[in-house]
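# Examination of the molecular architecture
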Amino acid sequence: MSNFIRTLKTKVLLGDGAMGTMLAALGLPPGQSPELWMPEHPETIKKIHQAYLEAGSEVIQTNTFGANAIKLKEYHASSLVREINIKAAKLAKEVAGTKAFVAGIVGPSGHFPAPLGDISWTELVEVFAEQVQALAEGGADFIFLETFSDLGEARAALYAAKQYTSLPVACSLTYTKGRTLTGTTPEVAAVVLEAMGADLVGANCSTGPEELLEVMAAYRKATNLPLLVEPNAGMPEFIAGKTVYKLSPEIMARYVEPFRQLGVNLIGACCGSTPEHIKAMSQAFVSREPVWPSPRTFPTRLASRTQVVSLGTSELPLMIGERINPTARKTIAEAFRQENWPLLNEEARNQVKAGALALDLNVGVPGLDEGHLLAQGVQHLQLALDVPLVLDCTRPEALEKGLQEYQGKALINSVNGEEGSLNSILPLARKYGAAVIGLTLDERGIPEKAEERLAIAEKIVRRAQEYDIAKEDVVIDCLVLTAATSPGIAMETVRAIQLVKERLGVSTVLGVSNVSHGLPQRSWLNSTFLALALGAGLDGAIVNPLDTRVGETVASAALLTGRDPGAQNYLVRSGKTAPIVEERKDPGSTNKEPSLETLHELIIHGQQDQIVNLLEKLLMKAAPLTIINEGIIPPLERIGELFAKGEVFLPQLMLSGDAAKKAFDLLKKHLPRQALEHKGTIVLGTVKGDVHDIGKNIVRALLENYGYRVIDLGKNIPAEEFIAAVKKEGAQILGLSALMTTTMVEMERVIKESRKENLPVKIIVGGAVVTEDYARQIGADGYGKDAVEAVKIVQALLKETEVG
Ligand code: B1M
């Protein structure tokens, strides 16, 4: 065990505060990279480390937050990664000596993993591996991954740190309203990161210490690992052109003891904090003794990016949907062949709607590339649904591809007692932080007797533990053969489950449907056998959730075996009580009524596949502009509200945006072309920093349909580009769109710059947050509340130009 971890076990350590805030105060020019500034100013960096050390910090953080190849590329300096990280670690070490530990800081790349973003797992791992190796070489005592807002990216960074260094690794995410940007809770983070091998987990940055109290309490509930917290000195506020953090050293100090009492082991501060904050915090400790939770064990926990589900003796039996499996289903095999992800998503959604709390994903179609399909399947399913996935694949190379893409804690289906299987699958489970199903078969096949199956189960558990896989992460499947060939044999499986539960105490799962293979009325046999297995202690079943008899059996057996206290689940399932959490209404399957409400639902759920079909029908009843105004805009507003309330997260927002775009792209072809009135050229775009373009595209389509020449520059457009285009195209009108309060200020800049150049152009602005007042205030010539209004304003402005 490293000295750092040993120390943490016995003493709560004090971290340091902000680097950026201090650098700005000591002369870092605005817009410059702090990491690239460092080699020329080593004494300034050391001065900051020294100030924190003197204030009481026992952990000093390297100035390397953005020192990865992707961030440095923005400054054409990606070749300097190694040099800068080594240098920064050495500088920190020189100051820290033996008085403090050096944390090798790694910040996010600025890109989300695909499909949410544009970067692959392999690229992310390469980028982080380069940085962590250099930090280790420079002498860091541990790697500190901080301010991650996406669990997928954090997983890649953690993987790189564990695989490419032998240092302990701390991993910290940033939270707003209890979730990261892409919807991860502290509980999910704890489960996933612990399984991936993190040595310390926690939260930094965020909105300040008050909110992080609850976040840290949730972490402590979910893990026995050491915890860390480093809050901002409050929410950043923009006052008189400057970013201000309002929490004083005294206020920050008040949170030190509450954090220690919650069980946090490393307490520091983030943006806006200074050595004064750290000094006040160091004086606020009543004791340095860590507060550890009383000893406890956890059930088997699986997680998606947003939720944890548990499997174990005191949990409700877990229903795992079996239907995405091409083995006996031609439609599924065909869907994989065609890579028809909408159909597979729908198959998945239907199972979840029917009560599945996890989904088995089997992509094994002979002749197809299983690794590619598993990776793609994982990407699509995890974007569309919140339930954890069970990766049903025994080919290690293919399985590895799926595990890389999975952003939660998967369940691998499966390993068995054969040496080849144990030696290839267990290391993958360890490396990628997955739980694993162990099948009770080996080189000799499936043993007949329950005792022999127990022996294989014992071997699998032991071997998993040798690979450092926790016992609770091994789930035993005692296997059932079809009752058609040997009717009595099913009871041997039931006996094996009982033995495994009694002797090994691990969780159990069972692929149930095999029992009825080749027999009529399969549902009778499946549900009866399931009831017997649940009675023997089965914890989870891989079943067809659409078979209502199966769902009813699970709910009834849960009640009868004492796993459903207060019969809460039973009452919900039997329709006697409303579900505690109301599900988002699901539009369900094919061939909807062609109504605007259906279009709303499809956009809210980001279901693109049925949109074209629906629109074709809707266009027979309503004008394209009506469908845009009444069918596309209201659901986007609704999803925006849900997003603002923290009820949906960025991935869903993106899916809805994509669905709306698809609808709009079709509708715009149907917009009637109007007679040309005053021909003119309009340069249009969404301003810098803003990637919203649906509204701008509507404005463009209407203008074009009115016969104007529109030069659409796209989104995220800097002022200079707008100005250059106006000059080049000889445009009479410049149209600016912005959707966020943070980017509408950019409009003012564009207007100022174009006025400075005396451009003979009229400027019109618009976008959700822009008001007529604001438009006037920033000197725009016109404001369009919506696209129709925008056309009218353009017409009027062009008339003015002519008159002028
Ligand atoms: Co984002 N987003 N989003 N988003 N998003 C909003 C705007 C937000 C209000 C949601 C919310 O929190 N309630 C919020 C902004 C909050 C604020 O600043 N007050 C927000 C946020 C915070 C974000 C991110 C920061 C989220 C994050 O990462 N934390 C991020 C920002 C990324 C960036 O830009 N740097 C982000 C990302 C995204 C997606 C990429 C996922 C996606 C956009 C996809 C795309 O556009 N290609 C998205 C979406 C879909 C939305 C909402 C839900 C819908 C926007 C939309 O298309 N509306 C939105 C919530 C909302 O607006 N209620 C939201 C429909 C569209 C037709 O309306 O664009 O207003 P609108 O256009 C209208 C009129 O305003 C006018 O005509 C159009 C047609 O009638 N108009 C003009 C527009 N431009 C005009 C120009 C003119 C004249 C009229 O003259 C030139």
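In the block above lies the structure referred to throughout.
Residues numbered from 1 in each chain as written. Predicted model: local features only at pLDDT ≥ 70, side-chain atom pairs only at ≥ 80, totals over all residues. Heavy atoms only, no water.

### Observations regarding the sheet that holds strand β7 (residues 227–231)
Strands belonging to one sheet form pairs held by backbone hydrogen bonds; the direction of such a pair is parallel or antiparallel. Pairing is parallel in the open sheet, where 8 strands are placed in the order β1-β10-β7-β6-β5-β4-β3-β2. Each edge of the sheet is formed by a strand with only one pairing partner; in this case those strands are β1 (13–14) and β2 (59–61). In this structure, strand β3 (residues 101–106) lies alongside strand β4 (residues 142–148), joined through 4 bridges in parallel fashion. Bridge pairing in β4 links A103 to F142. Along the sheet, helix α6 (residues 81–96) contacts β2 and β3; its crossing angle with β3, the most-contacted strand, is approximately 160°. Against the sheet, helix α8 (residues 151–164) engages β4 and β5 (169–173), with an angle of about 170° to β4. (Pairing = 2+ DSSP bridges. Helix = DSSP H or I, 4+ residues; strand = E, 2+ residues; numbered from the N terminus. Contact = heavy atoms within 4.5 Å. Axes fitted to C-alpha atoms, helices over the stretch in contact; angles between N-to-C directions.)

### Comments concerning the site of the ligand
Residues in close proximity to the ligand total 40 residues, the closest being G640, V691, H692, D693 and S737. One nitrogen or oxygen atom from the main chain of G689 is found 3.0 Å from a nitrogen atom belonging to the ligand. In the model, a nitrogen atom of the ligand is placed 3.5 Å from a nitrogen or oxygen of the G767 main chain. When residues of the shell around the ligand are traced back to their parent elements, those giving at least two are α26 (624–644), α27 (650–668), α28 (694–705), β23 (733–737), β24 (762–766) and α32 (787–803). (Near = heavy atom within 4 Å. Polar contact = N/O pair within 3.5 Å; in protein donor to acceptor, adjacent residues only side chain to side chain.)

### Section: the pairing of β5
In terms of burial, β5 is largely enclosed, as 5 of its 5 residues are buried. Every second residue of β5 is oriented toward a common face, with V169, C171 and L173 on one face and A170 and S172 on the other, all of them buried. For β4 and β5, the ladder comprises 4 bridges, and the chain directions are parallel. Residue pairing across strands places L145 opposite C171, the latter belonging to β5. Handedness of the crossover is the feature at issue here: the chain leaves β4, passes through α8, returns alongside β5, and the resulting connection is right-handed. Relative to strand β6 (residues 200–205), β5 runs parallel, the two being bridged by 4 bridges. (Buried < 20%, exposed > 50% of the residue type's maximum accessible area, 1.4 Å probe, protein only. Right-handed = clockwise from strand over helix to strand, strands pointing away.)

### Concerning the coordination of the cobalt atom of the ligand
By definition of the ideal shapes, a tetrahedral metal site with four donors has angles of 109.5 degrees and an octahedral site with six donors has angles of 90 or 180 degrees. Donation to the cobalt atom of the ligand from the protein comes from one atom only, H692 (NE2), at 2.2 Å. Looking at the secondary structure, you find H692 in the loop between β21 (681–686) and α28. (Donors = N, O, S within 2.8 Å, 3.2 Å for Na, K, Ca; no water.)

### A look at the pairing of strand β15 (residues 389–392)
Judged by which residues are buried, β15 turns out to be covered on both faces: L389 and L391 on one side and V390 and D392 on the other are all buried. Note that strand β14 (residues 358–361) and β15 share 3 bridges and pair parallel. Residue pairing for β15: D360 is matched across the bridge by V390. You can see the chain leave β14, run along helix α16 (residues 370–384) and come back into β15, and the turn it takes is right-handed. For β15 and strand β16 (residues 411–416), the ladder comprises 3 bridges, and the chain directions are parallel.

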